[in-house]
Structure formats: C-alpha cells, structure tokens
Amino acid sequence: MATQPISAVSKITIRVLAFARLRELLGFGSRDVELAEGATLDALWKQLASGNGEIEGLRATTRFARNGELVAGETVLRTGDEVALMPPVGGG
Amino acid sequence: MVALSSAPLDVAALVRDVQTKEHGAVVTFLGTTRETSPDDPRPVAALEYEAYDSMAIPEMEKIASEAREQFGPLAIAIVHRTGRVALGEPSVAVVVAAPHRARAFDACRYAIDALKARVAVWKQEVYADGETAWVANTPP
C-alpha cells in the first residue's frame with residue numbers, strides 16, 4: 001500500500017477471533033484486521049458483516065470480548081487488542 | 001482443578017484428585033453425547049466442541065471458586081472436552097468432594113448449570129449423514 005497517499009487517519013491493527021458458526025461464515029478463526037483509529041467493535045462488526053445477510057442477522061445474539069472481557073459494541077478498540085466474536089455458548 | 005481436554009476424560013482420575021479423608025461424599029456429573037437432538041430429527045453421530053481457551057479456563061476457575069464459597073468446604077474438578085466426542089462418551093465432567101452429600105450435590109448442580117450458561121465453549125452436532133449444525137444452550 002506504499003503507493004497510496006499518506007492518510008490523516010492513523011490505523012490500528014487488532015486480532016479478531018471468530019467461533020462456531022461465525023468462524024464458518026467469516027471464513028477465519030483468527031485474523032489480523034486494520035481499522036481506523038477510534039473504531040469501535042460495532043464498526044468492526046459492520047466491516048466484517050457487510051453484504052452478508054446471514055452474518056448481519058447474528059448480531060443480536062453475538063457477544064464481543066476484548067482481551068478476555070465481555071464488552072459492549074460501542075467499546076473503542078486499541079492497537080494490539082484481541083477481539084472475540086462469540087455466538088451463544090453450547091458447552092456441556 | 002479445571003481443564004479443557006482434547007483426550008477422553010478419565011473420570012476415575014478426577015475422583016482420585018478431589019477425594020480426601022475429610023470427604024464423606026463424592027458427586028460426579030457427566031454430560032454425555034446423546035443420539036437425539038433437541039432441534040433436529042436426524043440421529044446424532046458425534047459432537048464436536050470448540051473453546052476459547054483464554055476465556056473458558058478463567059471462567060471455569062471462577063465457577064469453581066463460587067462453588068467453594070457457596071457450598072464449601074469442598075474440592076471440585078471441572079473438565080470439558082474439545083474436538084470430536086463419540087456417542088455415549090462424556091463431553092463434560094464435574095466432580096465434587098465434600099464432607100456430606102447435600103452440599104456435594106448442590107455444588108455439582110451449581111457448577112454444571114453455570115458452565116452451560118457462561119463458559120466459552122461451542123457445540124456442533126454431527127449427524128449420521130455427515131451434515132452439521134451448531135447448537136446453543138437454552139437458559140434453564
């Protein structure tokens with residue numbers, strides 16, 4: 001991307017983990033994702049789900065964790081964060 | 001002791017781990033792989049589990065602590081399988097040793113209910129025809 005003009009918006013890189021049905025739909029279990037600084041989990045979700053109706057439909061039942069703690073969608077992400085996209089659990 | 005295990009569960013070893021001379025009661029709960037699905041008419045051939053280890057293990061530790069606080073003194077082991085679990089095999093074991101049976105039963109029940117609601121483990125039913133579906137726990 002060296003040919004692109006320098007942007008005024010700095011970027012952050014986070015690691016996204018996806019589980020169960022979300023892992024299958026997104027096509028990855030773990031991936032590094034670049035986002036604009038100040039991006040929230042909701043923004044990450046929009047970016048990942050965009051155009052996929054089945055993923056979009058899972059938002060209401062999906063919980064987010066950041067660095068091992070459950071957090072709300074409006075949480076602002078920081079570079080180096082590990083984010084987990086978690087469908088309803090099914091242990092036992 | 002809490003753990004995730006990709007190998008078959010050794011229940012006798014878990015009982016040995018928790019039992020001491022102070023304990024007059026050992027209660028073991030095993031969740032085993034069942035052929036009938038609550039959601040699908042097809043026979044289930046196996047279950048496949050995946051976990052988010054770095055959240056699942058601390059949550060299992062927390063549940064064990066809560067059980068000790070509420071029903072202790074007691075010793076508790078909670079182990080959950082990952083990967084493919086054949087029909088009839090245990091996918092989860094909760095073993096509680098306590099001085100008397102009432103608190104051992106109560107703690108065991110508390111721990112398995114909390115695990116099913118809170119621990120970051122996901123379950124996929126694998127049907128005899130090779131198709132699969134993810135199955136979420138329903139609130140008790």
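Residues numbered from 1 in each chain as written. Chains lettered and ligands numbered in written order. Predicted model: local features only at pLDDT ≥ 70, side-chain atom pairs only at ≥ 80, totals over all residues. Heavy atoms only, no water.

Some thoughts on the pattern of salt bridges
All names here are of chain B.
For step 1, the next point in the chain: Tallying each qualifying case throughout the model produces 13 salt bridges over all chains.
For step 2, the next point in the chain: In this structure, the salt-bridge partner of Glu131 is Arg42, at a minimum N-O distance of 3.5 Å. Of this pair, Glu131 sits in the loop between β7 (121-127) and β8 (132-135) while Arg42 is found in the loop between β2 (25-32) and β3 (44-51), placing the two residues 89 residues apart along the sequence.
For step 3, the next point in the chain: Of the charged contacts, one joins Arg84 and Glu48 as a salt bridge, the two residues approaching to 3.0 Å between their closest N and O atoms. Here Arg84, found in strand β5 (residues 83-86), pairs with Glu48, found in strand β3; they are 36 residues apart in sequence, far enough to count as distant.
For step 4, the next point in the chain: One network of salt bridges, in which partners are shared, links Asp40, Arg42, Asp129 and Glu131. (Salt bridge = Lys/Arg side-chain N within 4 Å of Asp/Glu carboxyl O. Helix = DSSP H or I, 4+ residues; strand = E, 2+ residues; numbered from the N terminus.)

Section: the packing of aromatic side chains
For step 1, the next point in the chain: Applying the stated criterion to the full structure yields 4 aromatic pairs over all chains.
For step 2, the next point in the chain: Arranged with centres 4.5 Å apart and planes meeting at 10 degrees, the rings of A:Phe19 and B:Trp122 form a pair that is stacked. A residue pair is termed interchain when its members come from two chains, as with A:Phe19 in the loop between β1 (11-18) and α1 (20-26) and B:Trp122 in strand β7. Assigned by exposure class, A:Phe19 and B:Trp122 land together as buried.
For step 3, the next point in the chain: Consider the rings of B:Phe71 and B:Tyr110, whose centres lie 6.0 Å apart with planes at 55 degrees: the pair is tilted. (Phe/Tyr/Trp six-rings, centres within 6.5 Å; stacked < 30°, edge-to-face > 60°. Buried < 20%, exposed > 50% of the residue type's maximum accessible area, 1.4 Å probe, protein only.)

Considerations on the nonpolar core
For step 1, the next point in the chain: Among the nonpolar cores identified, the biggest contains 32 residues, and B:Ile76, B:Ile78, B:Val94 and B:Val96 are the most heavily contacted of them.
For step 2, the next point in the chain: At the level of elements, β1 (2-5), β2, β3, α2 (53-71), β4 (75-81), β6 (90-98), α3 (101-118) and β7 of chain B are the ones that each hand at least two residues to this core.
For step 3, the next point in the chain: A per-element tally of this core places α3(B) first, with 7 residues.
For step 4, the next point in the chain: Other than its neighbours up to four places away in sequence, B:Ile78 contacts B:Met1, B:Val2, B:Ala3, B:Met60, B:Ile63, B:Ala64, B:Ala93, B:Val94, B:Ala111 and B:Leu115.
For step 5, the next point in the chain: In terms of nonpolar packing, the next biggest core, distinct from the first, is built from 21 residues, A:Leu25, A:Leu26, A:Ile55 and A:Leu77 among them. (Core = buried A, V, L, I, M, F, W, Y, C linked by side-chain atoms within 4.5 Å. Contact = heavy atoms within 4.5 Å.)

Thoughts on the confidence of the model for chain B
For step 1, the next point in the chain: On average, residues of chain B carry a pLDDT of 96, and 99% of them reach 70 or more.
For step 2, the next point in the chain: Among the prediction metrics, the complex's ipTM stands at 0.91, with pTM recorded as 0.93. (pLDDT = per-residue confidence, 0-100.)

A word on the interface of chain A and chain B
For step 1, the next point in the chain: On the side of chain B, 23 residues touch chain A, which itself brings 19 residues to the contact.
For step 2, the next point in the chain: At the junction of chain A and chain B, the tally comes to 1 salt bridge.
For step 3, the next point in the chain: Its salt-bridge partner being A:Arg23, residue B:Glu50 comes within 2.5 Å of it at the nearest N-O pair.
For step 4, the next point in the chain: At the surface where chain A touches chain B, the tally comes to 15 residue pairs in polar contact (both at pLDDT 80 or more).
For step 5, the next point in the chain: Listed by contribution, the elements that provide at least two residues to the side of chain A that touches chain B are α1, β4 (69-71) and β5 (82-86) of chain A.
For step 6, the next point in the chain: Per-element tally for the side of chain A that touches chain B: the top contributor is α1(A), with 4 residues.
For step 7, the next point in the chain: Of the residues in the side of chain A that touches chain B, the class split is 10 nonpolar, 4 polar and 5 charged. (Polar contact = N/O pair within 3.5 Å; in protein donor to acceptor, adjacent residues only side chain to side chain. Nonpolar A, V, L, I, M, F, W, Y, C, P; charged D, E, K, R; others polar.)

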